[in-house]
Amino acid sequence: MLYVRFLGGTGEEPPAYPGLLGLLHGITPVVQALPPAAALADVRGALRYFGRDAVRLAGLVRVRALALHGADCAIGVAANPLLARMAADLNGAGVAEVPDTPEAVAAFLGDRPARALHGVGAATARALCSYGLDTAGRIAAAPPATLQRILGATTARRVHALARGVDPTPVTPSAPPRTASAELSFGRDELDASVRRRALLTLADDLGHRLRGEGRTARALTLTVRYADRSATTRSKTLPEPTAHTPALAGMAYALHDALGLQRARVRAAPLRAEELADASFTTRQLSLDPADERRRRAEAAADRARRRFGPLAVGYAGQLGRAAGRGPG
């Protein structure tokens with residue numbers, strides 16, 4: 001199993017990403033795109049054909065990515081997606097392997113913080129750490145009954161398995177879904193959460209207007225927060241239903257932002273990306289008995305007509321923070 005993360009991006013899909021996925025498809029047909037700049041590849045069927053083990057095959061991928069696309073990458077090699085992803089996250093560019101033995105897996109995971117386990121969110125990690133279970137090794141050694149009292153039965157079973165390096169998730173061949181994004185950079189490091197929320201409303205309105213104009217809906221949203229020290233945090237969440245309705249997009253953007261608990265973080269920019277775009281004519285919408293919802297949608301359609309006729313600044317929400325500059329579906 002290879003987890004390949006292409007480097008040099010800024011939280012957005014790099015222009016060479018389709019070509020890089022094509023490179024992986026030239027090695028194995030079992031490739032799962034993980035936008036904006038990563039992919040999983042099951043190479044078990046390719047080892048004999050290429051006459052290489054997985055580590056040497058990963059080195060071949062890296063050399064070809066550099067030679068053909070000028071893009072370096074971090075590659076994790078392991079028995080399952082969890083370990084491969086964590087191996088790739090350890091270093092910058094290069095190939096890192098987790099050998100497929102119980103001893104090697106336990107040694108690799110032992111001192112890793114709970115939050116480093118992909119699939120363990122911030123809230124779950126905080127709950128575990130409050131009981132002293134702050135590393136994967138300690139979680140793996142904890143009695144299952146203890147984890148169940150802290151997390152509940154279902155979450156406890158999943159987290160205990162992850163802490164032992166067990167991840168049955170298969171690689172599902174897929175093409176990168178179409179996306180649309182918008183970004184607003186602040187003129188200075190922004191500390192005020194209310195200003196950031198106004199920016200998110202601006203971005204959500206920009207995305208919603210563009211999606212409605214193209215007859216598309218989004219199934220998920222991804223928020224990337226870039227900080228003054230050039231680090232970034234990215235969070236994604238699936239919408240309750242496919243939509244291009246600005247209040248629904250803005251509400252999800254607010255939820256993603258608030259869940260980060262940024263407090264006094266110095267924020268430089270906050271790109272918002274609509275994902276899993278689909279033709280609006282083939283998506284369904286849950287009917288609402290609230291007459292106010294229907295009035296909002298009619299007002300939204302009227303505002304869209306005004307924008308098309310008089311320009312993008314003709315109509316907008318009162319709380320917006322300027323206008324977003326973004327790019328269309330990719």
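Residues numbered from 1 in each chain as written. Predicted model: local features only at pLDDT ≥ 70, side-chain atom pairs only at ≥ 80, totals over all residues. Heavy atoms only, no water.

Structural notes on the overall build of the chain
Assigned secondary structure in the chain consists of 12 helices and 13 strands. Dimensions of the chain, computed from the C-alpha atoms along their principal axes, are close to 65 × 50 × 40 Å. For the chain, the proportion of its 330 residues judged to be buried stands at 45%. Summarising the internal contacts of the chain: among those between residues at least 6 apart in sequence, 65% fall at separations of at least 24. In the structure as shown, the chain presents an accessible area of about 16500 Å², 54% of it carried by carbon and sulfur atoms. Put simply, the chain has 44 plus and 30 minus side-chain charges, and the middle of one group is 2 Å from the middle of the other. (Helix = DSSP H or I, 4+ residues; strand = E, 2+ residues; numbered from the N terminus. Buried < 20%, exposed > 50% of the residue type's maximum accessible area, 1.4 Å probe, protein only. Contact = heavy atoms within 4.5 Å. Areas by Shrake-Rupley, 256 points an atom, 1.4 Å probe, with all protein chains shown as cover. Lys, Arg positive; Asp, Glu negative; His and termini not counted. Charge placed at Lys NZ, Arg CZ, Asp CG, Glu CD.)

A short note on the packing of helix α1 (residues 17-25) against helix α3 (residues 54-69)
Where α1 meets α3, the closest approach of the two axes is 10 Å, and the angle between their N-to-C directions is 140°. The pairing of α1 with α3 is recorded here as oblique in orientation. When you trace α1 past α3, the crossing you get is right-handed. Every residue of α3 that contacts α1 at Gly19, Leu20, Leu23 and Leu24 is listed here: Val61, Arg64, Ala65, Leu68 and His69. Classifying every residue of the contact of α1 with α3 gives six nonpolar, two polar and one charged. (Axes fitted to C-alpha atoms, helices over the stretch in contact; angles between N-to-C directions. Parallel < 35°, antiparallel > 145°, perpendicular 65-115°, else oblique. Left-handed = near helix turned anticlockwise from the far one by under 90°. Nonpolar A, V, L, I, M, F, W, Y, C, P; charged D, E, K, R; others polar.)

Re the sheet that holds strand β3 (residues 38-41)
One key point about sheets: their strands pair by backbone hydrogen bonds, in either a parallel or an antiparallel sense. As summarised here, the arrangement of the five strands in space is β2-β3-β1-β4-β5, forming an open sheet in which the pairing is mixed. Bordering the open sheet on either side are β2 (31-34) and β5 (94-97), each of which pairs with just one other strand. Across this sheet, the average inter-strand angle for adjacent strands is 15°, counted without regard to direction. The strands touched by α3 are β1 (2-6), β4 (73-77) and β5; relative to β4, the strand with the most contacts, the crossing angle is about 165°. Most of the contacts of helix α4 (residues 81-90) go to β4, to which it runs at about 140°, and overall it touches β1, β2, β3, β4 and β5. (Pairing = 2+ DSSP bridges.)

What to know about the environment of Thr243
With respect to the helices, strands and loops of the structure, Thr243 is situated in strand β9 (residues 232-243). Given the relative accessible area of 7%, Thr243 is considered buried. Apart from residues no more than four positions distant in its own chain, Thr243 is found in contact with Thr217, Ala218, Ala248 and Leu249.

As for the confidence of the model for the chain
Of the residues in the chain, 91% have a pLDDT of 70 or more, and the chain-wide mean is 86. When the criterion is pLDDT under 50, residues 323-329 qualifies, and its contacts beyond four places in sequence or with other chains add up to 33 contacts. (pLDDT = per-residue confidence, 0-100.)

Concerning the packing of aromatic side chains
Under the defined criterion, the tally for this structure stands at two aromatic pairs. Summarising the aromatic geometry, the rings of Phe6 and Tyr17 are spaced 6.3 Å apart at their centres and angled 75° between planes, so their arrangement reads as edge-to-face. Within this pair, whereas Phe6 is found in strand β1, its partner Tyr17 is found in helix α1, the two being separated by 11 residues in sequence. The two residues Phe6 and Tyr17 agree in class, both being buried. Ring geometry for Tyr49 versus Phe50: centroids 5.1 Å apart, planes at 80°, classification edge-to-face. (Phe/Tyr/Trp six-rings, centres within 6.5 Å; stacked < 30°, edge-to-face > 60°.)

Considerations on empty space enclosed by the protein
Scanning the model with the defined rule gives one cavity of 30 Å³ or more in all. Taken as a whole, the largest cavity spans an internal volume of roughly 30 Å³. Lining the largest cavity, in full, are Phe186, Arg196, Val225, His257, Leu262, Val267 and Ala270. Residues belonging to the lining of the largest cavity are distributed by class as follows: five nonpolar, one polar and one charged. (1 Å grid on protein atoms, 1.4 Å probe; cavity = no way out; pocket = protein on both sides within 12 Å on 5 of 7 lines; lining within 4 Å. Points joined across faces, edges and corners; volume = space filled by probe spheres on them.)

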